[in-house]
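Geometric and topological summary
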Amino acid sequence: QLQLVESGGGLVQPGGSLKLSCAVSGFALHRVAIGWFRQAPGKEREGVSCINSRNGTRYTDSVKGRFTISRDNAQGTVSLQMNNLKPEDTAVYYCAADRRIVPMCGLIDRAFDVWGQGTQVTVTS
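I will try to describe carefully the structure that is included in this document. For clarity, every value in this text was computed on a predicted model and none was experimentally measured.

**Focus on the nonpolar core**
Grouped together as the largest cluster of nonpolar side chains are 29 residues, with contacts concentrated most on L4, I34, W36, F67, L80, M82 and Y93. When contributions to this core are tallied by element, the ones reaching two or more residues are β3 (18-25), β4 (33-39), β5 (46-51), β7 (67-72), β8 (77-82), β9 (91-98) and β11 (119-123). Setting aside anything within four residues of it in sequence, one finds Y93 in contact with E6, L20, W36, F37, R38, V48, F67, L80, M82, G118, T119 and V121. Counting eight residues, the second-largest nonpolar core is a separate cluster that includes C105, L107, A111 and F112.

Okay, here's the thing in structure tokens:
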């Protein structure tokens, strides 16, 4: 059974950094695309970044140049390095798996069928 577990969230000041990790179990990581999504209070969930089985990546415009997604198939983890964090990055961050065979991952949440429980990221001074 495919399971995802996020870790690495926390409280950080504006301009700081955090590294989120998504541990994947029950399925070969190299066969799935993994996406990171976030949901702030009162807002809809939005796609942040994704990485496919060939290490193709995609980012939403607001995090380009600040966030980096990567995967370690041997360790079974996908990381999201977040630098120069802003208060508007505050949200619960979720990782999710898309088990379809597609040429490129997307940031549409309905394409992802397995989700982690989320980890809170709070950016405040």
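Don't stop here, the text continues.
**With respect to the side chain of T119**
Following the sequence through the fold, T119 ends up in strand β11. Engagement of the side chain of T119 in a polar contact is seen with the backbone nitrogen of G9, the distance being 3.2 Å. Once residues within four sequence positions are removed from consideration, T119 is found in contact with E6, S7, G8, G9, L20, A91, V92 and Y93.

**Concerning the pairing of β8**
Of all six residues in β8, five are buried, a share of seventy percent or more. Two strands pair when backbone bridges link them, and β3 and β8 are joined in this way by six bridges, in the antiparallel orientation. When the bridges of β8 are listed, K19 appears paired with Q81. Examined bridge by bridge, β7 and β8 share six bridges and lie antiparallel to one another. Pairing of I69 across the sheet is with L80, part of β8.

**Concerning the sheet that holds β8**
Read across the sheet, four strands follow the order β1-β3-β8-β7 without closing on themselves; strand pairing throughout is antiparallel. Across the chains shown, the open sheet's two edge strands, defined by having one partner strand only, are β1 (3-7) and β7. Taking the axes of each pair of neighbouring strands and ignoring which way they run, one obtains an average angle of 15° across the sheet.

**Notes on the packing of aromatic side chains**
Applying the stated criterion across every chain, the model contains three aromatic pairs. Plain terms: the ring middles of F37 and F112 are 5.0 Å apart, the flat faces sit at 75° to each other, and that makes the pair edge-to-face. Linking F37 in strand β4 with F112 in the loop between β9 and β10 (114-115), this pair joins segments that are 75 residues apart in sequence. The pair F37 / F112 is uniform in exposure class, with both members buried. With 6.4 Å between their ring centres and 75° between their planes, Y94 and W115 make a pair best called edge-to-face. One end of the pair, Y94, is in strand β9; the other, W115, is in strand β10, and 21 residues separate them in sequence. Here W115 falls in the partly exposed class, since its relative accessible area comes to 25%. Aromatic ring contacts, followed pair by pair, group F37, Y94, F112 and W115 into a single cluster.

**Some thoughts on the environment of A40**
By the element assignment, A40 lies in the loop between β4 and β5. For A40, a relative accessible area of 18% translates into the label buried. The spatial distance from the C-alpha of A40 to the C-alpha of F27 is 29 Å, given a sequence separation of 13 residues. Ignoring anything within four residues of it in the chain, the contact list for A40 reads T90 and A91.

Conventions we followed
Residues numbered from 1 in each chain as written. Predicted model: local features only at pLDDT ≥ 70, side-chain atom pairs only at ≥ 80, totals over all residues. Heavy atoms only, no water. Core = buried A, V, L, I, M, F, W, Y, C linked by side-chain atoms within 4.5 Å. Buried < 20%, exposed > 50% of the residue type's maximum accessible area, 1.4 Å probe, protein only. Helix = DSSP H or I, 4+ residues; strand = E, 2+ residues; numbered from the N terminus. Contact = heavy atoms within 4.5 Å. Polar contact = N/O pair within 3.5 Å; in protein donor to acceptor, adjacent residues only side chain to side chain. Pairing = 2+ DSSP bridges. Axes fitted to C-alpha atoms, helices over the stretch in contact; angles between N-to-C directions. Phe/Tyr/Trp six-rings, centres within 6.5 Å; stacked < 30°, edge-to-face > 60°.

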